[in-house]
Amino acid sequence: MTRVPPSAPPGITFTRYVLRFTLHTHKSFDARCSCSIFSRVNAFDFDVAIIGGGSGGYAAARTAAGAGLNTAVIEGGKEVGGLCILRGCMPTKALLYAADVIHLARHADTWGIRQSEISFDFAQVMARKNTMIKGFADDRVQQLISGKFKFTRALAHFVDSHTVALSNGETITAANFIISTGSVVSQPPLPQLKQTGYLTSDEALTLMARPKSLIVLGGGAVAVEFAQFFARFDTKVTVVQRSEHILRDFDTDAAAELEKVFRRDGMSVFTGTKLVDARREGDLKAVLFEHEGKTIRMAAEEILFALGRTPDTAGLHLEKAGLTTENRRIVTNPQMQTSAPHIYAAGDCTGPHEIVHIAIQQGEIAAHNIAHPGQARRIDYRLLSRVVFTDPQIGTVGLTEKEAKARNIPCLAASYPFNDHGKSLIMDAKDGFVKLLADPKTGEILGGCCVGPMGGELIHEIIAAMAKRMSVHELAAMPHYHPTLAEIWTYPAEELAEKIGSRT
């Protein structure tokens, strides 16, 4: 097999066509081969090799194979399925739904429903989650095994920019690569935490007995979702967050609303803190942190370390492929290309948003651009959406007020509370609000936020509106059925439309 030299231009499918013929003893062509017969000979084993079989990697593989590229998927994790299925979106949401059910059951008398005693079996709650996750993971395994690509279970690392060595002893070459290896739990900021011992979010999902008390270190989506889950199953929960509010990437009004609910439900929430020490105290684990000029000590049966995740790139030997990284994150352009133009990346290993639908979009874009280099697509974060599955749920899309201010983007904002909305009053779901951001001249919707019942579902109306670049005038005029939760969007839309006035 003839190989194209490493100096050949990257980013294309390296093939050559060889005319095959048969010579007779009289040096004439065999009649059977008098026509030109061509066979394709690849200079590399594959047109594209994808490292990682999670959501981003599978989306890339499906897209690449669908475009006719000779594709390989290499997955080296202990389990197949990716973070979302195994230790992220699906298991946590299964648990949070169980927490919602028990919360509603305990407050059933609001609707005149009597129940003498509400109890739970924590092991059964976790067992149901495990059964569901096994089903989701089995489906993904089947998709990978039966896909129109070669699926290999092995770890991979780069030997050079077109070659990876596998832990099973094989070597694979490819014209192009897509790296989608995901992320791992970050290391703790204090060495004492390792000595004291703690649960990671991965380990918390494996518990079959709840801790009686829990300190949650962190205030991001993972931290607050676990905090509420355990609290609703009778664990005494303390949240310790470094920044001034939980959910620091969200607007302050959204974060403050969730903090209010947490405290009302009996959780202790400390924000604006600095960890200074951790230690064991008999059967308990204690943390010490600075808060409002004082050193505070909190002790609990367990500590949940939820201070973020780090790109899982340490073992890839990216330097041998010539890739640029920042704090282990693979740097890409909007086409998802790395500093080596024939190598792409998707998902948590490149970021900047650790969200599964973003990973899928990035994987599809990377594969499309390899298959169709003359019709390159770019990732667009204008419609970036995020959901926190607490109660109340928080859903956002597009700009936040905080981001608009930081980027000096002119906008008008209007909000409306759920405690003055008919359907949410019927549901006794009175916490939260909806908010719209609009261009002050055109009225185009620039962002939306929903803190309240079914917030993760309701935000999709604004995603759809922004996808079509609708104005607040158009949203206000769009019919909404009554009484529904969704009609609440018309109130801030009407307010902004009135402020902006008729469009010219």
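As a reminder, the structure under discussion sits directly above these lines.
The residue numbering used here restarts from 1 in each chain and proceeds along that chain's sequence as written. Given that the model is predicted, a residue must reach a pLDDT of at least 70 before its local features are reported, and side-chain atom pairs must reach 80 or more before they are shown or counted; all residues, however, enter totals for whole chains, interfaces and linings. Hydrogens and water molecules were not included; the side-chain quantities draw on all heavy atoms of the structure.

1. Some remarks on the overall build of the protein chain
By definition, any uninterrupted DSSP run of H or I lasting at least four residues is a helix, any uninterrupted run of E lasting at least two residues is a strand, and each is numbered from the N terminus. Looking only at helices and strands, the protein chain has 14 helices and 26 strands in total. Principal axes of the C-alpha set define a box for the protein chain whose edges measure 100 × 70 × 45 Å. Each residue's exposure class comes from its accessible area (1.4 Å probe, protein chains only) as a fraction of the maximum for that residue type: buried when under 20%, exposed when over 50%, partly exposed otherwise. Burial statistics for the protein chain: of 504 residues in total, 49% are counted as buried. Taking the contacts inside the protein chain whose residues are at least 6 apart along the sequence as the reference set, 63% of them involve residues at least 24 apart. A total accessible area of about 24400 Å² is found for the protein chain, and carbon and sulfur atoms account for 52% of it. Positive and negative side-chain charges in the protein chain, numbering 54 and 53 respectively, have mean positions lying 6 Å apart. Working rule for contacts: check all heavy atoms of both residues, and any pair within 4.5 Å makes them a contact. Each accessible area is a Shrake-Rupley estimate made with a 1.4 Å probe; only the visible protein chains count as cover when residues are assessed. Positive charges come from Lys and Arg alone, negative charges from Asp and Glu alone, with His and the N- and C-terminal ends not counted. Charge placement uses NZ in Lys and CZ in Arg. For Asp and Glu, CG and CD serve respectively.

2. Looking at unusual backbone geometry
Of note, the bond from glycine 351 into proline 352 is cis; its omega dihedral lies within 30 degrees of zero at 0°. Along the chain, the position of proline 352 falls in the loop between strand E21 (343–345) and helix H9 (356–371). At the junction of histidine 482 and proline 483, the peptide bond is cis and its omega measures out at -5° in the coordinates. In this fold, proline 483 is placed in the loop between helix H13 (472–477) and helix H14 (490–500).

3. Quick word on the sheet that holds strand E24 (residues 412–417)
Strands are treated as partners if at least two bridges between them are detected by DSSP. The strand order across the open sheet formed by five strands is E22-E23-E26-E25-E24, and the pairing between neighbours is antiparallel. The strands lining the two open edges of the sheet, one partner per strand, are strand E22 (385–388) and E24. Between one strand axis and the next, the sheet turns through 10° on average, direction left out of account. Bridging between strand E23 (residues 393–398) and strand E26 (residues 445–452) involves six bridges; their strand directions are antiparallel. Note that in E26 the partner of glutamine 393 across the bridge is glycine 452. Along the sheet face, helix H12 (residues 455–467) touches E22, E23, strand E25 (433–438) and E26 and points at about 170° away from the line of E26. Orientation is described by lines fitted to C-alpha atoms, with helices fitted over the stretch in contact, and by angles between N-to-C directions that extend from 0 to 180 degrees. Lying over the sheet, H14 contacts E24 and E25, oriented at roughly 145° with respect to E24.

4. Description of the environment of glycine 56
Position of glycine 56 relative to the elements: it lies in helix H1 (residues 55–66). Using a relative accessible area of 5% as the deciding quantity, one classes glycine 56 as buried. Along the primary structure glycine 56 and valine 276 are separated by 220 residues, whereas in three dimensions their C-alpha atoms are 38 Å apart. Ignoring sequence-local partners within four residues, the contact set of glycine 56 consists of Ser180, Ala359, Ile360 and Gly363.

5. Describing the nonpolar core
Inside soluble globular proteins, nonpolar side chains tend to come together where they are buried. By size, the foremost hydrophobic cluster in this structure holds 38 residues, and its most contacted members are Val216, Phe229, Phe230, Ile246, Leu247 and Leu304. Among the elements of the structure, helix H3 (89–106), helix H4 (122–146), strand E11 (213–217), helix H7 (221–232), strand E12 (236–240), helix H8 (252–264) and E26 are those that each provide at least two residues to this core. Among the elements that line this core, the one with the most residues is H7, at six residues. Definition used in this section: a nonpolar core is a set of buried Ala, Val, Leu, Ile, Met, Phe, Trp, Tyr and Cys residues joined via side-chain atoms within 4.5 Å.

6. Let's talk about a nonpolar patch on the surface
Two joining distances apply to patches: 9 Å for like charges and 5 Å for nonpolar side chains (Val, Leu, Ile, Met, Phe, Trp, Tyr), and every residue must have over 30% relative accessible area and no salt bridge. The salt bridge criterion pairs a side-chain nitrogen of Lys or Arg with a carboxyl oxygen of Asp or Glu, the two atoms within 4 Å. Side chains of Leu104, Trp111 and Ile113 sit close together on the surface and give an oily, nonpolar patch of about 310 Å² of accessible area. Among the structural elements, tryptophan 111 can be located in the loop between H3 and H4.

7. A look at the packing of H3 against H7
At a minimum axis separation of 9 Å, H3 and H7 run at an interaxial angle of 40°. When the axis of H3 is compared with that of H7, the two are oblique. Our pair here, H3 against H7, has a crossing hand that is left-handed. Contacts between H3 and H7 involve Thr92, Lys93, Leu95, Leu96, Ala99, Asp100, Ile102, His103 and Arg106 from the first element and Glu225, Phe226, Phe229 and Arg232 from the second. Counted by class, the contact of H3 with H7 contains six nonpolar, two polar and five charged residues. Note on terminology: angles under 35 degrees are roughly parallel, angles over 145 are roughly antiparallel, angles of 65 to 115 are roughly perpendicular, and the others are oblique. For any helix crossing, the convention is left-handed if the near helix is rotated counterclockwise from the far helix by under a right angle, and right-handed if that rotation is clockwise. Basically, the charged four are Asp, Glu, Lys and Arg, the nonpolar ten are Ala, Val, Leu, Ile, Met, Phe, Trp, Tyr, Cys and Pro, and anything else, Gly included, counts as polar.

8. So, the packing of H1 against H9
Contact pair H1 / H9: the axes reach a minimum separation of 7 Å and the direction vectors enclose 30°. Taken together, the axis directions place H1 and H9 in an arrangement best described as roughly parallel. The element H1 and its partner H9 pack so that their crossing is right-handed. Across the interface between the two elements, Ser55, Gly56, Ala59, Ala60, Arg62, Thr63 and Ala64 from H1 touch Val356, Ala359, Ile360, Gly363, Glu364, Ala367 and His368 from H9. Tallied by class, residues from the contact of H1 with H9 come to seven nonpolar, five polar and two charged.

9. Some points on the sheet that holds E11
The strand order E10-E17-E11-E12-E13 describes an open sheet built from five strands, whose pairing is parallel. Two strands lie at the open edges of the sheet, namely strand E10 (199–200) and strand E13 (268–270), each paired on one side alone. Relative to E13, E12 runs parallel, the two being bridged by three bridges. The partner of valine 239 across the bridge, within E13, is valine 269. Those strands touched by H7 are E11, E12 and strand E17 (302–305), and its axis lies near 165° from that of E12.

10. Quick look at the pairing of E25
E25 sits mainly inside the fold: six of its six residues count as buried. Note: E24 against E25, six bridges, orientation antiparallel. Paired with leucine 412 across the two strands is alanine 438, which belongs to E25. Sheet topology note: the E25/E26 ladder contains six bridges and is antiparallel. Residue pairing for E26: alanine 438 is matched across the bridge by isoleucine 445. Hairpin connection between E25 and E26: a loop of six residues separates the two successive antiparallel strands, and glycine 443 in this loop has a positive phi of roughly 80°.

11. As for the state of the cysteines
Pairs of cysteine sulfur atoms within 2.5 Å are identified as disulfides in what follows. As enumerated under the stated definition, the model contains zero disulfides in all. The thiol of cysteine 411 is unpaired, and the distance to the nearest cysteine sulfur, on cysteine 449, comes to 13 Å.

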